[in-house]
Amino acid sequence: MIDVDGREVRISSPDKVVFPQPGLTKLDVVQYYLSVAPGALRGAGGRPMVLKRFVKGIDQEAFFQKRVPENHPDFIDTATLHYARGTSAEEAVIRDAAGLAWVVNLGCLDLNPHPVRAEDLDHPDELRVDLDPMPGVDWSQIVDVAMVAREVLDDCGLVGWPKTSGSRGLHILVRIAPEWDFRDVRLAAETLAREVENRAPGLATARWWKEERGESVFVDFNQNAKDRTVASAYSIRPLPDARVSTPLDWDEVRVRRPEEFTALTVPERFAQIGDPHAGIDAAAGSLDRLLALAEELGPAEKPPRGADGSGRRASTMPLIEVARTKTKPEALAALDQWSARHPDVVDRLHPADTLVDGMRGSSSLWYRVRINLQHVPEAERPAQEPLIADYDPWAGKEWPVPRED
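Scope of this entry: the structure provided in the associated data block. Nothing here was measured: the structure is a model prediction, and the numbers come from that model.

### Quick notes on the overall build of the protein
Phase 1 of the analysis: Scanning the protein from terminus to terminus reveals 10 helices and 18 strands.
Phase 2 of the analysis: Along the first, second and third principal axes, the C-alpha atoms of the protein reach 70 × 50 × 45 Å.
Phase 3 of the analysis: Within the protein, the proportion of its 405 residues that are buried is 50%.
Phase 4 of the analysis: Across the protein, contacts joining residues at least 24 apart in sequence account for 70% of those joining residues at least 6 apart.
Phase 5 of the analysis: Here the protein carries 50 positive and 66 negative side-chain charges, and the mean point of each set is 3 Å from the other.

And the structure:
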């Protein structure tokens, strides 16, 4: 039992090693979050959150728990969210440092709040810009795209607050007045992405389909869809070095690197300089100019549909599918097996031509492996073969409404 500002929080298996490389235990992770609690709560406090639980360690897949555990303590609030498929879930809402310790004890490493406050679930107060680099893209290109995004936001009367994603990319958070619904916020985010692509062609892309992006930075507007969450500020990511999604000042973006910020280094930084995002809540802006720009740009180009009558999207790229797997190691093993069969093809592929995608299932991720043969002469392209692995993430699931493939 630990005392957190007068509240007792139980930490089970406190000596369990969570991050073997730096030697961080479960209690160390709790203490990390307590050391940066004001910043972590600025990003996640007061918002319903999906509990992403790594109960088997960082080398195993997490599972996503929307519903708050029934035996949650009285200092954990809840909010009931209604999802697009007609389901609902009473989700956890943390408001203090004790709540941080409680979610970490459940096996949560990163915090995944929705972009709404518990008091108003229909109107987001945060627009999220996720700069997601494709393979082959280096940090300098991400920074260039971030600066273009900042310029677009400034032209639209909005303030962007950058942070490392805790992986390879960069997030820019934008506080907005809670006056627009999810549909308008997503449209505003898509418009921002399209304008960034217009101003930085070749560097940035707003193309939703991964195989069409090339070696660019994807401005992921769909993180603003109603059911989506992203790792919030000061979240520890499940990487071997315990990397942290860390708020930055804009003058740090070009000179700092994501790998500098870990659960071992960020507490000292926080103690010395405080939270670079301390002013974010006072900087709420309006989406009016972005939505006006959406009208000027017109509807985004829609992908073609197949001729088989299914209504499914027809890719404009020559794709073959290699495998569908339950875990990422299985996906990479399947990719290695396919590569061994086709060494001449592999030599012609560019980094962004190999697509290993984590797909969100009902409670966990599954993985799809595809190859884009755009750089392989048509006569030398291998045909679609039987999948090396064919995991069905929906096997045995009962659907509340018919599923649309």
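From this point, things continue past the structure.
### Some words on the sheet that holds strand 11 (residues 161–164)
Phase 1 of the analysis: The strand order across the open sheet formed by five strands is 11-12-10-14-13, and the pairing between neighbours is mixed. The sheet is open, and its two edges are formed by strand 11 and strand 13 (204–205), each paired on a single side.
Phase 2 of the analysis: Relative to strand 14 (residues 217–220), strand 13 runs parallel, the two being bridged by two bridges. Residue Thr 205 lies in a different strand from strand 14, and its bridge partner there is Phe 218.
Phase 3 of the analysis: Of the strands in this sheet, strand 10 (126–133), strand 13 and strand 14 touch helix 5 (residues 182–199), which is tilted by about 40° from strand 10.

### Looking at the pattern of salt bridges
Phase 1 of the analysis: Throughout the structure, instances matching the rule amount to 24 salt bridges.
Phase 2 of the analysis: Residues Glu 126 and Arg 128 are paired through a salt bridge, measuring 2.7 Å at the closest nitrogen-oxygen approach.
Phase 3 of the analysis: The class of Arg 128 is buried, set by a relative accessible area of 4%.
Phase 4 of the analysis: For Arg 269, the salt bridge identified is with Glu 252, shortest N-O distance 2.9 Å. Pair noted here: Arg 269 is in helix 7 (residues 266–273) and Glu 252 is in helix 6 (residues 250–253), with a separation of 17 residues, a long-range link. Each member of the pair, Arg 269 together with Glu 252, is buried.
Phase 5 of the analysis: Bridged by salt links that share partners, the residues Arg 47, Arg 117, Asp 125, Glu 126, Arg 128, Arg 175 and Asp 281 form one connected network.

### Focus on the packing of aromatic side chains
The geometry of an aromatic ring pair is captured by the separation of the ring centres together with the interplanar angle, meaning the angle of the planes.
Phase 1 of the analysis: One pass over the full model with this rule turns up three aromatic pairs.
Phase 2 of the analysis: Taking the centre distance of 6.3 Å and the plane angle of 70° together, the rings of Phe 218 and Phe 221 count as edge-to-face.
Phase 3 of the analysis: When the ring centre of Tyr 83 is taken as origin, the NZ or CZ atom of Lys 66, which lies over that ring, is 3.8 Å away.

### Concerning the side chain of Arg 370
Phase 1 of the analysis: Secondary-structure assignment places Arg 370 in strand 17 (residues 365–372).
Phase 2 of the analysis: Non-local contacts of Arg 370, meaning those with residues more than four positions away in its chain, are made with Lys 210, Glu 211, Leu 319, Ile 320, Glu 321, Val 322, Asp 353, Thr 354, Leu 355 and Asp 357.

### Section: the environment of Leu 187
Phase 1 of the analysis: By the secondary structure assignment, Leu 187 is in helix 5.
Phase 2 of the analysis: Under the relative-accessibility criterion, Leu 187 is labelled partly exposed at 36%.
Phase 3 of the analysis: Remark: the alpha-carbon pair of Leu 187 and Pro 299, spanning 112 residues in sequence, is separated by 9.9 Å.
Phase 4 of the analysis: The contact partners of Leu 187, leaving out residues within four places of it in the chain, are Leu 291 and Ala 294.

### Considering unusual backbone geometry
Residues apart from glycine generally show negative phi values, whereas peptide bonds are mostly found in trans.
Phase 1 of the analysis: Positive phi outside glycine occurs at Asp 5, with the angle close to 50°.
Phase 2 of the analysis: You can see Asp 5 is positioned in the loop between strand 1 (2–4) and strand 2 (7–9).
Phase 3 of the analysis: With a phi angle near 75°, Tyr 234 is a residue other than glycine that sits in the positive phi range.
Phase 4 of the analysis: Locating Tyr 234 in the fold gives a position in the loop between strand 14 and helix 6.

### A look at the packing of helix 5 against helix 8 (residues 288–297)
Phase 1 of the analysis: Helix 8 packs onto helix 5 with a crossing angle of 65° between their chain directions and a minimal axis gap of 9 Å. Note that helix 5 runs across helix 8; the crossing there is left-handed. Contact residues: helix 5 offers Asp 184, Leu 187, Ala 188, Thr 191, Leu 192, Arg 194, Glu 195 and Asn 198, while helix 8 offers Leu 290, Leu 291, Leu 293, Ala 294 and Leu 297.
Phase 2 of the analysis: Residues that form the contact of helix 5 with helix 8 fall into these classes: eight nonpolar, two polar and three charged.

### Some details on the side chain of Glu 126
Phase 1 of the analysis: Here Glu 126 lies in strand 10.
Phase 2 of the analysis: Among the residues examined, Glu 126 registers a relative accessible area of 3% and is labelled buried.
Phase 3 of the analysis: Of note is the side chain of Glu 126, whose polar atom sits 2.7 Å from the side chain of Arg 128.

### Topic: the pairing of strand 15 (residues 319–325)
Phase 1 of the analysis: In terms of burial, strand 15 is largely enclosed, as five of its seven residues are buried.
Phase 2 of the analysis: Here six bridges tie strand 15 to strand 17, and the two strands are oriented antiparallel to one another. If you follow Ile 320 over to strand 17, its bridge partner there is Ile 371.
Phase 3 of the analysis: The pairing of strand 15 with strand 18 (residues 389–390) spans two bridges and is parallel. In the sheet register, Arg 324 faces strand 18, and the bridge partner there is Asp 390.

### Re helix 7
Phase 1 of the analysis: For helix 7, every residue scored as buried is listed here: Val 266, Arg 269 and Phe 270. In a view along the axis of helix 7, the buried residues occupy a sector of 100°, so they form one face of it. Helix 7 presents Glu 268, Ala 271 and Gln 272 as exposed residues on the side facing more than 90 degrees away from its buried surface.
Phase 2 of the analysis: Those residues of helix 7 that are buried lie in contact with helix 1 (26–35), helix 2 (37–44) and helix 6.
Phase 3 of the analysis: Of the residues one or two after helix 7, Gly 274 is the one with positive phi, at around 75°.

Parameters at a glance
Residues numbered from 1 in each chain as written. Predicted model: local features only at pLDDT ≥ 70, side-chain atom pairs only at ≥ 80, totals over all residues. Heavy atoms only, no water. Helix = DSSP H or I, 4+ residues; strand = E, 2+ residues; numbered from the N terminus. Buried < 20%, exposed > 50% of the residue type's maximum accessible area, 1.4 Å probe, protein only. Contact = heavy atoms within 4.5 Å. Lys, Arg positive; Asp, Glu negative; His and termini not counted. Charge placed at Lys NZ, Arg CZ, Asp CG, Glu CD. Pairing = 2+ DSSP bridges. Axes fitted to C-alpha atoms, helices over the stretch in contact; angles between N-to-C directions. Salt bridge = Lys/Arg side-chain N within 4 Å of Asp/Glu carboxyl O. Phe/Tyr/Trp six-rings, centres within 6.5 Å; stacked < 30°, edge-to-face > 60°. Lys NZ or Arg CZ within 6 Å of the ring centre and 35° of its normal. Left-handed = near helix turned anticlockwise from the far one by under 90°. Nonpolar A, V, L, I, M, F, W, Y, C, P; charged D, E, K, R; others polar. Polar contact = N/O pair within 3.5 Å; in protein donor to acceptor, adjacent residues only side chain to side chain. Arc of directions from axis to C-beta.

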